[in-house]
Amino acid sequence: MIWALAPADDPDAVERAYHAISPKLAGAPGLLGNQLLRDPGDPARYVVVSEWTNITNFAAWEAGADHRTITSPLRPYQDPQQRPAIYVEMAAYGPTGVLVDGLD
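Residues numbered from 1 in each chain as written. Predicted model: local features only at pLDDT ≥ 70, side-chain atom pairs only at ≥ 80, totals over all residues. Heavy atoms only, no water.

A.B. asks: For this particular structure, what's the right way to read the sheet that holds strand E1 (residues 2-5)?
C.D. replies: One key point about sheets: their strands pair by backbone hydrogen bonds, in either a parallel or an antiparallel sense. The strand order E1-E3-E2 describes an open sheet built from three strands, whose pairing is antiparallel. Among the strands making up the open sheet, the edge pair consists of E1 and strand E2 (31-38). Averaged over all adjacent pairs, the angle separating strand axes in this sheet is 20°, with direction ignored. The pairing of E1 with strand E3 (residues 45-52) spans four bridges and is classified as antiparallel. Note that in E3 the partner of Trp3 across the bridge is Val47. Each of E1, E2 and E3 touches helix H1 (residues 13-25); the most contacted strand, E2, lies at about 175° to it. (Pairing = 2+ DSSP bridges. Helix = DSSP H or I, 4+ residues; strand = E, 2+ residues; numbered from the N terminus. Axes fitted to C-alpha atoms, helices over the stretch in contact; angles between N-to-C directions. Contact = heavy atoms within 4.5 Å.)

Listed below in structure tokens is the structure:
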């Protein structure tokens, strides 16, 4: 997860950066998708959540040569008070019950 903050003089900057980056990520091995979420209480605050098949694929992409170039449009808007975070899914439930159970 990457937190971003839109500047007051350009409130659409984060969304433009997200849309500039996302098509370039298509086909990245292991990337299932990403989402741009906005804080309804503070519309200048965003978080980008990416979902990967596993931590190995994510780490390989992050260490690759294209990572910094592709993600550079969002870098100026990263929230300096929030560090990027990585979480590994351990369990999930859906409408029909358990989707993922890390205990298996």
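A.B. asks: For this particular structure, what's the right way to read the layout of surface pockets?
C.D. replies: Left-over empty space is what a probe sized like a water molecule reveals as it rolls over the atoms. Put simply, the largest pocket is a space of about 940 Å³. Contributions of two or more residues to the lining of the largest pocket are made by H1, E3, helix H2 (55-63) and helix H3 (66-71). Among the elements that make up the lining of the largest pocket, the one with the highest residue count is E3 (five residues). (1 Å grid on protein atoms, 1.4 Å probe; cavity = no way out; pocket = protein on both sides within 12 Å on 5 of 7 lines; lining within 4 Å. Points joined across faces, edges and corners; volume = space filled by probe spheres on them.)

A.B. asks: How should the pattern of salt bridges be read in this particular structure?
C.D. replies: Pairs may arise between side chains of opposite charge once their charged atoms sit close together. Counted by the stated rule, this structure contains four salt bridges. The salt bridge partner of Arg16 is Asp10, with a shortest N-O separation of 2.5 Å. By relative accessible area, which is 23% here, Asp10 ends up partly exposed. Note that Arg38 is salt-bridged to Glu15, the shortest N-O span being 3.8 Å. Remark: Glu15 occurs in helix H1 and Arg38 occurs in strand E2; sequence separation between them is 23 residues. Put simply, Asp42, Arg45 and Asp79 are held in one network by salt bridges that share partners. (Salt bridge = Lys/Arg side-chain N within 4 Å of Asp/Glu carboxyl O. Buried < 20%, exposed > 50% of the residue type's maximum accessible area, 1.4 Å probe, protein only.)

A.B. asks: It is not clear to me how the nonpolar core should be interpreted in this structure. Could you clarify?
C.D. replies: Note on soluble globular proteins: their nonpolar side chains tend to be buried together. In terms of nonpolar packing, the biggest core is built from 18 residues, with Ala4, Val14, Leu25, Trp52, Trp61, Leu74 and Tyr77 touching the most fellow members. Looking at this core, the element that brings in the most residues is H1, giving six residues. The residues touching Trp61, leaving out its near neighbours within four places in the chain, are Leu25, Ala28, Trp52, His67 and Thr71. (Core = buried A, V, L, I, M, F, W, Y, C linked by side-chain atoms within 4.5 Å.)

A.B. asks: For this particular structure, what's the right way to read the packing of aromatic side chains?
C.D. replies: The description of an aromatic ring pair rests on the distance of the ring centres and on the angle between the ring planes. What the rule picks out here adds up to three aromatic pairs. When the centroid spacing of 5.5 Å and the interplanar angle of 65° are considered together, the rings of Trp52 and Phe58 count as edge-to-face. Taken individually, Trp52 and Phe58 each receive the classification buried, so the pair is uniform in this respect. Their ring planes at 40° and their centres at 6.4 Å tell us that Phe58 and Trp61 sit as a pair that is tilted. Of this pair, Phe58 and Trp61 both sit in helix H2, three residues apart, which is roughly one turn of the helix. Judged on exposure class, the residue Phe58 and its partner Trp61 are both buried. Among the aromatic residues, those joined into a cluster by ring pairs are Trp52, Phe58 and Trp61. (Phe/Tyr/Trp six-rings, centres within 6.5 Å; stacked < 30°, edge-to-face > 60°.)

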